[in-house]
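Overview (structure and organization)
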There are 2 protein chains.
Amino acid sequence: MKVEIIAIGDEILLGQVDNSNAGWMARAMTREGFNVQHMSVIPDDREAILGAFQKAYHRSDITLITGGLGPTHDDLTKALLAKFFNLPLVFRTDLLEQVREAYKRQQLSFVETSREQADFPEGATPLRNVHGTAPGIWVEREGRVFVAMPGVPIEMQGIMQQGVIPRVRKLRSGKVVLTRTLHLLGLLEAELYEKLDNRDDILQHAKLAFLPGVGSVRLRLTVEAASFEEAGMELDKAERLIQEKVNRWIVGKGDDFTLAEGVGKLLKSRHLMLTAAESCTGGWLAKLCVDVPGSSDWFERGFVTYTNEAKHEMLGVPWELLEKHGAVSAEVVQAMAEGALKKSRAQVALAITGIAGPTGGTDVKPVGLVYIGYADQEKTTFIKQQFDGNRKTNRQRSITAAFKLLIDQVLAEG
Amino acid sequence: MKVEIIAIGDEILLGQVDNSNAGWMARAMTREGFNVQHMSVIPDDREAILGAFQKAYHRSDITLITGGLGPTHDDLTKALLAKFFNLPLVFRTDLLEQVREAYKRQQLSFVETSREQADFPEGATPLRNVHGTAPGIWVEREGRVFVAMPGVPIEMQGIMQQGVIPRVRKLRSGKVVLTRTLHLLGLLEAELYEKLDNRDDILQHAKLAFLPGVGSVRLRLTVEAASFEEAGMELDKAERLIQEKVNRWIVGKGDDFTLAEGVGKLLKSRHLMLTAAESCTGGWLAKLCVDVPGSSDWFERGFVTYTNEAKHEMLGVPWELLEKHGAVSAEVVQAMAEGALKKSRAQVALAITGIAGPTGGTDVKPVGLVYIGYADQEKTTFIKQQFDGNRKTNRQRSITAAFKLLIDQVLAEG
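Structural notes, computed from the coordinates.

About the cut-offs
Residues numbered from 1 in each chain as written. Chains lettered and ligands numbered in written order. Predicted model: local features only at pLDDT ≥ 70, side-chain atom pairs only at ≥ 80, totals over all residues. Heavy atoms only, no water. Pairing = 2+ DSSP bridges. Helix = DSSP H or I, 4+ residues; strand = E, 2+ residues; numbered from the N terminus. Axes fitted to C-alpha atoms, helices over the stretch in contact; angles between N-to-C directions. Least-squares fit on C-alpha atoms with pLDDT ≥ 70 in both. Contact = heavy atoms within 4.5 Å. Buried area = accessible area lost by both parts, 1.4 Å probe. Salt bridge = Lys/Arg side-chain N within 4 Å of Asp/Glu carboxyl O. Polar contact = N/O pair within 3.5 Å; in protein donor to acceptor, adjacent residues only side chain to side chain. Phe/Tyr/Trp six-rings, centres within 6.5 Å; stacked < 30°, edge-to-face > 60°. Buried < 20%, exposed > 50% of the residue type's maximum accessible area, 1.4 Å probe, protein only. Lys NZ or Arg CZ within 6 Å of the ring centre and 35° of its normal. Disulfide = S-S within 2.5 Å. Arc of directions from axis to C-beta. Expected span 1.5 Å × (residues − 1). Right-handed = clockwise from strand over helix to strand, strands pointing away.

It is worth spelling out the sheet that holds strand β12 (residues 250–253) of chain B at this point. All names here are of chain B. Spatial strand order, β10-β11-β9-β12: 4 strands in an open sheet with antiparallel pairing. Each end of this open sheet is capped by a strand with a single partner; those strands are β10 (207–212) and β12. Between one strand and the next, the sheet's axes are offset by a mean angle of 25 degrees, whatever the strand orientation. Pairing analysis gives 6 bridges linking β10 to strand β11 (residues 216–225), with the strands arranged antiparallel.

Moving on: the sheet that holds strand β12 (residues 250–253) of chain A. Residues and elements named next belong to chain A. With antiparallel pairing, 4 strands are arranged side by side in an open sheet as β10-β11-β9-β12. The open sheet is flanked by β10 (207–212) and β12, the only strands paired with a single partner. Across the sheet, the mean angle separating the axes of adjacent strands is 25 degrees when strand polarity is ignored. As judged from the 10 bridges shared by strand β9 (residues 176–185) and strand β11 (residues 216–225), these two strands associate in the antiparallel manner. Paired with T179 across the bridge in β11 is T222.

Moving on, we come to the relation of the copies chain A and chain B. Aligned on chain B, chain A shows an RMSD of 0.1 Å; the corresponding rotation is 180 degrees and the shift along the axis is 0.0 Å. Taken together, the rotation angle and the small translation identify this as a two-fold axis.

It is worth spelling out the interface of chain A and chain B at this point. Many descriptions give the size of an interface as the accessible area lost when the pieces come together. Contact with chain A, which involves 91 residues of that partner, is made by 91 residues of chain B. Carbon and sulfur atoms make up 56% of the area that chain A and chain B hide from each other, which totals about 7300 Å². At the junction of chain A with chain B, the criterion picks out 8 salt bridges. Linking chain A with chain B are 30 residue pairs in polar contact (both at pLDDT 80 or more), by the criterion used here.

When we look at a pair of aromatic rings, we describe it by the centre distance and by the angle of the planes. Residues and elements named next belong to chain A. A complete count under the given rule lists 20 aromatic pairs over all chains for this structure. An angle of 70 degrees between the planes, with centres 5.3 Å apart, marks the rings of Y193 and F210 as edge-to-face. Linking Y193 in helix α7 (residues 189–195) with F210 in strand β10, this pair joins segments that are 17 residues apart in sequence. The residues Y193 and F210 share a single accessibility class, namely buried. One aromatic cluster is present, built from ring pairs that chain together F53, Y57, F84, F85 and F146. The positively charged end of R199 is found above the aromatic ring belonging to Y193, 3.8 Å away from the centroid. Sitting over the face of the ring of W249, R248 holds its NZ or CZ atom 4.7 Å from the ring centroid.

All names here are of chain A. Counting across every chain of the model gives 0 disulfides over all chains. We note that C289 lacks a disulfide partner, and the nearest cysteine sulfur, in C280, lies 15 Å from it. By relative accessible area, C289 is classed as buried at 0%.

Residues and elements named next belong to chain A. Taken together, the buried positions of helix α12 (residues 308–315) are A310, K311, M314 and L315. Along the axis of α12, the buried residues cluster in a sector spanning 100 degrees; they form a single face. A positive backbone phi angle near 75 degrees is found at G316, which sits one or two residues after α12.

A few words now on the environment of V364(B). Checked against the element boundaries, V364(B) lands in the loop between β15 (348–354) and β16 (369–376). In this structure, the C-alpha to C-alpha distance between V364(B) and S109(B), residues 255 residues apart in sequence, is 60 Å.

With respect to the helices, strands and loops of the structure, H38(B) is situated in strand β2 (residues 35–42). At a separation of 3.3 Å, a polar atom in the side chain of H38(B) contacts the side chain of R59(B).

This paragraph deals with the environment of E140(A). All names here are of chain A. Summarising the element assignment, E140 is placed in strand β7 (residues 136–141). With relative accessibility at 47%, the residue E140 sits in the partly exposed group. Note: C-alpha distance between E140 and D297 (157 residues apart in sequence) is 47 Å. Setting aside residues up to four positions removed in sequence, E140 forms contacts with V145 and L171.

Residue and element names in this part refer to chain B. With respect to the helices and strands, I165 occurs in helix α6 (residues 153–171). The class for I165 is buried, based on a relative accessible area of 10%. Note: C-alpha distance between I165 and A28 (137 residues apart in sequence) is 8.1 Å. Once you skip the residues sitting within four places of it in the chain, I165 turns out to touch A28, M29, E32 and M160.

This part covers helix α2 (residues 20–31) of chain A. Residue and element names in this part refer to chain A. Across its 12 residues, α2 extends 17 Å between first and last C-alpha, which sits within 8% of the 16 Å expected from 1.5 Å per residue. Of all 12 residues in α2, 10 are buried, a share of seventy percent or more. All of the buried residues along α2 are N21, A22, G23, W24, M25, A26, R27, A28, M29 and T30. G33, located one to two residues past α2, shows a positive phi value of around 90 degrees.

Oppositely charged side chains may form a pair once their charged atoms are brought near each other. Evaluated as defined, the whole model comprises 40 salt bridges over all chains. A salt bridge links K253(A) to E239(A), with the nearest nitrogen and oxygen atoms 2.9 Å apart. You can see K253(A) sitting in strand β12 and its partner E239(A) sitting in helix α9 (residues 228–246), a full 14 residues away along the chain. By relative accessible area, E239(A) is classed as buried at 7%. Close ionic contact of E239(B) with R180(B) constitutes a salt bridge, the shortest N to O distance being 2.6 Å. Linking E239(B) in helix α9 (residues 228–246) with R180(B) in strand β9 (residues 176–185), this pair joins segments that are 59 residues apart in sequence. Each member of the pair, E239(B) as well as R180(B), is classed as buried. Each member of the salt-bridge network shares a partner with another, and the members are R180(A), D236(A), E239(A) and K253(A).

Moving on to the pairing of strand β13 (residues 274–278) of chain B. Residues and elements named next belong to chain B. By the criterion of burial, β13 is predominantly enclosed, with 5 of the 5 residues buried. Residue alternation in β13 divides its side chains into two sets, L274, A276 and E278 and T275 and A277, and both sets are buried. Relative to strand β14 (residues 299–304), β13 is paired through 5 bridges, and the arrangement is parallel. Within β14, the position partnered with L274 by the bridge is F299. On the question of chirality, the crossover connecting β13 to the parallel β14 by way of helix α11 (residues 284–291) is right-handed. Bridge analysis of β13 against β15 gives 5 bridges, and the strand direction is parallel. Bridging across to β15, L274 finds its partner in V348.

If you want it as structure tokens, here you go:
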């Protein structure tokens, strides 16, 4: 069954708000075996909205719409959805009660403008919004489904989980499409392509897609089959053929996999706790660890030592090293890693110091130069990297490189 | 002039890669006075791609395409663009040289598969890709422009900045559309709407849009005028009318504005340095500060104290407090803020401790309970918040609340 996702909002077309909702909904629908075929973003404009509804009605089985359900004058979705399906708006006291409750739950006083949110297309089904005031709108006609939801991510997610997913499951029919993603570190896309010289065999079982990322590549397998079981078996066969060629570069599996999650699993299996001392990445590596639920099992503490004083006082990096070699140096990054180990209860430590940019570079130490240190009870080591990105990507790639160093070192212990 | 943005890639439709490129390109084109009217994501499929090219050719002046330019079999963009415009692919030795150079720059050995990247549509203009191997493709016909770029963000950004923006500037014609965004903290969308009871006056000068966020609202003003000067004057008039009503809630202005940036400006103007002690946010607040170039002027150091041991050892939080009140308590968050102040060289400190979820909640201390502490040389204070989101949004809103507490406290000093 074909799914289409439409986001309504000038703010997205102006680039002021990222349309992260589309990706979230796509993941949710893909997991349920649906096939997302089209995503679009259109302006808060009557003609554009009605035109998009028309196209979606003809080409898609399920159309998921976000945005334009708020209480202000640029919110057109509800009125136009009612018009498109020729449903009059009626005032529903049960919905007004829910809106009032939503205000109460958030300890806010009711605003009169919000009364309008109780106007609802007759014959449509309201979907409860536990995180906000505007309910979702479910309209079904001639086997086509339209669902309108607010653009605030957590409100959309609540409505999807509690209202939309259970309902679309009942509609599911036809072939099953399943995907599986393998995450590889330390290979370029073209290298991976070359190493997988058994592609023809793999393609007997699954479609293959190569997704390059920052310092990593993902391989996506897709199977269309008559049943979930059959699709799963084909995926297993394809995966085994891939493992034969590139198993040592595979670090994880699954749609929601993050590198930090893989690191966490590895550390937990070895009963190791991690600490991190960060200069240019400024707590980002720690944040990615703490993003993972249950990270207290393997992430112990973090030091954000952006200044030399902090490096000296928090980690015990000697002033002589800082003065002689500079904060961005092999000597200092190793002292940072060793210091983090000493000043924590962790068994392994990562340290990052570099020149992220846009300023601060010199001829000898240009923007993008990053040192990454690793220490455990046995040894200390480091790598030097020269990235050519911007402030954000240089820091991102530093973190990826640090996680990779950690994985290599921990795996090398056997 | 109308701009359309197309992303090609199954990985986006599956939700495995977020289409952050679209937002970046939209911001870049909006700043140049262009009007982005449509964004879409389509699969790696011949018919879908040609169909999208056809629609874009008819409705848009400039079409920006990302994705599908890599060296593997699912990369169709170049071949289909050549077919659409009826241009034969020719092998260009100058482009092969550039591809070889790109490999050398990244200290990689040349992969034979990459030879294909030197095949190029005859009559199209290659746009240099300084961060990767595949050049961008610029095709102009009958006043329509198509540009194809790789999907890797930094590669696309480099091609946009150096190749696309200078070229589209020369094409610019017709009316100028300018926007301005005001950032407000501490007001709900509906409250803001009510307070702005001079909307009719404002609308004489600019279109208004309300963009609700996590703990904040943005107001976007849009003006269409004959010249940049005129548009700027109209924006100024509209902004003054808004200031009359809600000036005290406005914390910043501009498209790229982040709350951390506003905090940084405020601290720098007062010659204050900030330190942060983070439990559930795990370094995220520090990371957002260090995201801002030049943050070493106002962000001093950060403590990621996820465990009780770390809170005690790094910040000096007494064991008695941790045992008697628990790590998530008013007493502990204040001790964390005071400890961070004492163990750093900063003049103001923020501390965050809470139960982010999904597990770890109890009846007395449910998931979403967060304490936020503030300390300076004069005083210590805290706020208690009960959020109803998920692990990510609870932590996000904690950080927003912490920044807001800091702004209030620093402003209160006068």
